[in-house]
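Chain and residue survey
These are the residues of each chain, in order.
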Amino acid sequence: MENRLERPTLQSSRVRRWLWHLWREWTIESLRPIAPAFAKPEPLKWSDAKITTAWIGHATVLINFFGIKILTDPVLFPRIGIRLPGFTIGPKRLIAPALEFRELPKIDVVLLSHAHFDHFDLRTLHCFDENTSVITAPETRDLLRWTRLRDITELRWRERKSLKTAAGDLNILAFPVKHWGARKQRDMHRGYNGYLLERNGRRILFAGDTALTNSFAELRQDGSIDLAIMSIGAYNPWIRSHCTPEQAIEMANAAGAQFIMPVHHQTFRLSFEPLREPIERFQAALQDAPERIALREIGETFVLPQ
Ligand SMILES: [Zn+2]
């Protein structure tokens with residue numbers, strides 16, 4: 001999504017296009033049914049002695065990291081955008097989340113990469129209580145003030161935190177990505193992060209949203225990365241803030257990741273590339289090493305080999 005907007009006038013083609021889009025959202029889109037997820041994860045059956053992950057939709061991933069339950073950028077309602085009494089203005093999901101909030105295990109940690117509406121959904125964040133810890137980007141804590149979340153840590157780039165949870169300790173490193181953090185037009189002071197999670201010598205990378213950048217190479221210093229969760233959609237025309245599927249693989253490789261989980265595609269229409277194009281390009285780019293693809297569809301589960 002672009003941050004620079006022209007001064008809005010009805011003469012501007014951009015504004016007319018936006019009004020048409022809003023009209024579509026209110027009429028045709030509100031009648032469109034949301035397709036069910038491809039599969040349904042069963043997190044209550046997952047072993048706390050393993051690393052198990054499931055793609056819930058968009059950038060929302062459920063991780064059981066040796067018993068610590070982590071949820072990335074939770075977005076679990078039919079629409080994202082600005083919440084008004086009784087309805088939400090903004091894009092409607094194409095595919096339902098693989099799990100509803102009540103079907104999730106008790107979440108120890110919520111990871112928030114940045115404050116954009118498709119990652120930082122207040123309606124979903126209102127579902128959690130004070131027993132869930134939050135790791136978020138700089139200057140985003142204020143957005144959570146009306147939620148019940150109280151243990152909130154903002155991490156700056158290259159800052160680390162050892163988080164104590166009921167299930168044990170989790171080491172978290174925030175790292176730089178190439179994106180931007182403004183939720184509206186003027187709040188450009190907000191930060192945007194990728195995260196590296198470490199526990200029992202195993203590492204998971206959650207990239208958030210990023211354009212191609214060389215900052216992933218420095219993550220190798222921490223040791224090998226087992227799984228990289230990479231956003232692969234919304235690059236057309238937003239290539240300055242979202243990478244292509246090939247670039248996502250390039251960055252995961254630079255970090256030294258073994259498995260790659262492609263996310264941030266198929267869930268919301270945020271860009272012009274065809275819906276299946278990101279995953280098709282991603283699979284084509286890894287056709288010589290398909291075993292590195294953690295999963296392909298919303299609702300699929302991936303268990304890290306031990
Ligand atoms: Zn996004």
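Throughout what follows, the structure given in this document is the object of discussion.

Cut-offs and rules
- Residues numbered from 1 in each chain as written.
- Predicted model: local features only at pLDDT ≥ 70, side-chain atom pairs only at ≥ 80, totals over all residues.
- Heavy atoms only, no water.
- Helix = DSSP H or I, 4+ residues; strand = E, 2+ residues; numbered from the N terminus.
- Buried < 20%, exposed > 50% of the residue type's maximum accessible area, 1.4 Å probe, protein only.
- Contact = heavy atoms within 4.5 Å.
- Areas by Shrake-Rupley, 256 points an atom, 1.4 Å probe, with all protein chains shown as cover.
- Lys, Arg positive; Asp, Glu negative; His and termini not counted.
- Charge placed at Lys NZ, Arg CZ, Asp CG, Glu CD.
- Donors = N, O, S within 2.8 Å, 3.2 Å for Na, K, Ca; no water.
- Tetrahedral: all angles 85-135°; square planar, octahedral: opposite > 155°, others 65-115°.
- Core = buried A, V, L, I, M, F, W, Y, C linked by side-chain atoms within 4.5 Å.
- Phe/Tyr/Trp six-rings, centres within 6.5 Å; stacked < 30°, edge-to-face > 60°.
- Pairing = 2+ DSSP bridges.
- Axes fitted to C-alpha atoms, helices over the stretch in contact; angles between N-to-C directions.

Here we come to the overall build of the protein chain. Tallying secondary structure elements over the protein chain gives five helices and 15 strands in all. Overall, the C-alpha framework of the protein chain stretches about 60 × 45 × 35 Å when taken along its three principal axes. For the protein chain, buried positions account for 57% of its 306 residues. Across the protein chain, every contact between residues at least 6 apart in sequence was considered, and the portion connecting residues at least 24 apart equals 64%. As displayed, the protein chain has an accessible area near 14,200 Å², and 54% of this comes from carbon and sulfur atoms. Each charge class in the protein chain was averaged separately, 42 positive and 35 negative side chains, and the resulting centres sit 4 Å apart.

Turning our eyes to something else, we now look at the coordination of the zinc ion. The expected angle between donors at a tetrahedral four-coordinate metal is 109.5 degrees. At an octahedral six-coordinate metal it is 90 or 180 degrees. Coordination of the zinc ion by the protein is provided by D118 (OD), H119 (NE2), D209 (OD) and H264 (NE2), with metal-donor distances spanning 2.1 to 2.2 Å. Relative to the metal, the four donor atoms surrounding the zinc ion lie at angles of 84 to 170°, and the coordination shape comes out irregular. We note that the donor set of the zinc ion lies within a single chain, spaced as D-H-x89-D-x54-H. With a gap of 146 residues between them, D118 in the loop between β6 (109–111) and α3 (122–125) and H264 in the loop between β14 (257–263) and α5 (277–285) connect regions that are remote in the sequence. For H264, a relative accessible area of 2% translates into the label buried.

One broad trend across soluble globular proteins is that nonpolar side chains are buried collectively. Counting 34 residues, the largest nonpolar core has F65, I70, L197, L227 and I229 as the members making the most contacts within it. Leaving out residues up to four positions away in the same chain, I229 has contacts with V61, I63, I204, L205, F206, A207, M261 and V263. Residues I225, I232, I249 and A257 belong to the second largest nonpolar core, which totals 25 residues.

Our next topic: the packing of aromatic side chains. Scanning the model with the defined rule gives five aromatic pairs in all. On the basis of an interplanar angle of 85° and a centroid distance of 5.0 Å, the ring pair of F101 and F128 is categorised as edge-to-face. Placement of F101 in the loop between β5 (87–89) and β6 and of F128 in the loop between α3 and β7 (133–136) is noted, with a sequence separation of 27 residues between them. Taking relative accessible area as the criterion, F128 reaches 2% and is therefore assigned buried. Seen in terms of ring centroids, F175 and F216 are 5.1 Å apart; in terms of plane orientation they differ by 75°. Their pairing is edge-to-face.

Reading across the sheet, the six strands line up as β9-β10-β11-β12-β13-β14 and stay open at both edges, with mixed pairing between neighbours. Since the sheet does not close on itself, it has two edges, and those belong to β9 (160–165) and β14, each with one partner. Geometrically, the sheet is characterised by an average inter-axis angle of 20° between neighbouring strands, direction not taken into account. Pairing analysis gives three bridges linking strand β12 (residues 202–206) to strand β13 (residues 225–231), with the strands arranged parallel.

These figures capture arrangement, not role.
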